[in-house]
Amino acid sequence: MAKKGVFIALEGSEGAGKTTVLSHLKEVFPSFVFTREPGGTPYAEELRALMLDSEYAKDADGLTQLLLMNAARRDHLRHKVIPSLKEGKHVITDRFVASSWAYNICGQERKDLSSFFKELYLQVVEEWEPDIYIFLDLPVEIGIKRRQGAGEENHFDTRKIDFHKRVYDGYKEFLSGVPHIKVDASQSKEKVLADVEALVREECSK
């Protein structure tokens, strides 16, 4: 097997600036593999549409969303992430397991699924955890204001502020148990971009 590439997950709640950061990273690191969750492969993109764009998605509970998310994740890993890493390519994904915990478990108040979540994680992700999570840290209220009128919304974007606060707390809870670095996303755009770029360079040069 070729030298394993570096696997980085970029995370952040609504309005944190992931889209802007990823656009910058794609310009700076053109040889990297950029992908997203849910999605990243044809099958996973179809599941993404079910989870986010279907008119019925807003009525799906945390367990339904979690099962669909992990089906998409398994396909994404098998057909894109793992082959790329085995080829020695560096992979940056827009969201990964931290988002599942934040949105499906904490946001939708399904802590009763914690053990099941962990079992799914072991079966689906196996040894292919990200080498590091980079979290764009932004207060919920600021993020929601930024997100308003910023483009196409899904059913998660339009939920009440209490939901988004639970998501934010869920991120902090999950990240406390995995390798991660927080970037203050309330800084200027230029400073956020520079900080994330420096972190990626450092991680990929180890």
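Residues numbered from 1 in each chain as written. Predicted model: local features only at pLDDT ≥ 70, side-chain atom pairs only at ≥ 80, totals over all residues. Heavy atoms only, no water.

S.K.: Can you help me understand the overall build of the protein in this one?
M.R.: The helix and strand inventory of the protein stands at eight helices and five strands. Ordered by position from N to C terminus, the α and β elements of the protein give β-α-β-α-α-β-α-α-β-α-α-β-α. Dimensions along the principal axes, computed over C-alpha positions, put the protein at roughly 45 × 40 × 30 Å. Burial analysis of the protein (206 residues in total) assigns 51% to the buried set. A separation threshold of at least 6 residues defines the contact pool for the protein, and within that pool the share at least 24 residues apart is 82%. Averaging the positions of the 30 positive and the 34 negative side-chain charges in the protein gives two centres separated by 1 Å. (Helix = DSSP H or I, 4+ residues; strand = E, 2+ residues; numbered from the N terminus. Buried < 20%, exposed > 50% of the residue type's maximum accessible area, 1.4 Å probe, protein only. Contact = heavy atoms within 4.5 Å. Lys, Arg positive; Asp, Glu negative; His and termini not counted. Charge placed at Lys NZ, Arg CZ, Asp CG, Glu CD.)

S.K.: Quick question: what am I supposed to make of the pattern of salt bridges here?
M.R.: Pairs can form between side chains of opposite charge whenever their charged atoms are close. What the rule picks out here adds up to 16 salt bridges. In this structure, Arg73 and Glu37 form a salt bridge, with 2.8 Å as the shortest nitrogen-oxygen distance. Linking Arg73 in helix α3 (residues 62–86) with Glu37 in the loop between β2 (33–36) and α2 (42–53), this pair joins segments that are 36 residues apart in sequence. By the burial criterion, Arg73 is buried, and Glu37 matches it. Across the pair Asp195 and Lys191 runs a salt bridge, and its minimum N-O distance is 2.8 Å. Pair noted here: Asp195 and Lys191 are both in helix α8 (residues 189–204), with a separation of four residues, about one helical turn. Overall, Asp195 belongs to the partly exposed group, its relative accessible area being 22%. For Lys191, a relative accessible area of 37% gives the class partly exposed. Overlapping salt bridges, with partners in common, bring together Asp61, Arg110 and Asp112 in one network. (Salt bridge = Lys/Arg side-chain N within 4 Å of Asp/Glu carboxyl O.)

S.K.: Looking at this structure, I do not really get the sheet that holds strand β3 (residues 91–94). What am I missing?
M.R.: Within a sheet, each strand pairs with its neighbour through backbone hydrogen bonds, oriented either parallel or antiparallel. In space, the five strands of this open sheet follow the order β2-β3-β1-β4-β5, with parallel pairing throughout. At either margin of the open sheet sits one strand with a lone partner, and together these are β2 and β5 (180–184). Direction aside, the axes of adjacent strands within the sheet are offset by 20° on average. Relative to β5, strand β4 (residues 132–137) runs parallel, the two being bridged by five bridges. What sits directly across from Tyr133, in β5, is His180. (Pairing = 2+ DSSP bridges. Axes fitted to C-alpha atoms, helices over the stretch in contact; angles between N-to-C directions.)

S.K.: In this structure, what is going on with the pairing of strand β1 (residues 7–12)? I would like to understand it.
M.R.: Side-chain direction in a regular strand flips from residue to residue, so the side chains alternate between the two faces of the sheet. Taken across its six residues, β1 has six buried, putting it largely inside the fold. Because side chains alternate across β1, one face comprises the buried residues Phe7, Ala9 and Glu11, and the other comprises Ile8, Leu10 and Gly12, equally buried. Pairing geometry for β1 and β3, over four bridges, is parallel. Of the residues in β3, the one forming a bridge with Ile8 is Ile92.

S.K.: Quick question: what am I supposed to make of the packing of aromatic side chains here?
M.R.: Where two aromatic rings form a pair, the distance of their centres and the angle of their planes describe that pair. Evaluated as defined, the whole model comprises nine aromatic pairs. Aromatic pair Tyr133 and Phe174: ring centres 5.7 Å apart, planes at 75°, arrangement edge-to-face. Of the two residues, Tyr133 sits in strand β4 while Phe174 sits in helix α7 (residues 161–175), which places them 41 residues apart along the sequence. Each member of the pair, Tyr133 as well as Phe174, carries the same accessibility label: buried. (Phe/Tyr/Trp six-rings, centres within 6.5 Å; stacked < 30°, edge-to-face > 60°.)

S.K.: What should I look at first to understand the nonpolar core in this one?
M.R.: The nonpolar side chains of soluble globular proteins are, as a tendency, buried together. Membership of the largest hydrophobic core comes to 33 residues, with the highest contact counts inside it found for Leu77, Phe96, Val97, Tyr133 and Phe174. Those elements that place two or more of their residues in this core are β1, α3, α4 (97–107), α5 (114–125), β4 and α7. When residues of this core are assigned to their parent elements, the largest contribution, seven residues, is made by α4. Setting aside residues no more than four positions away along its own chain, Phe96 makes contact with Phe7, Ala9, Glu11, Glu37, Arg73, Leu77, Val125, Trp128, Pro130 and Tyr133. By size, the runner-up hydrophobic cluster in this structure holds 23 residues, among which are Ala16, Leu25, Phe32 and Ile92. (Core = buried A, V, L, I, M, F, W, Y, C linked by side-chain atoms within 4.5 Å.)

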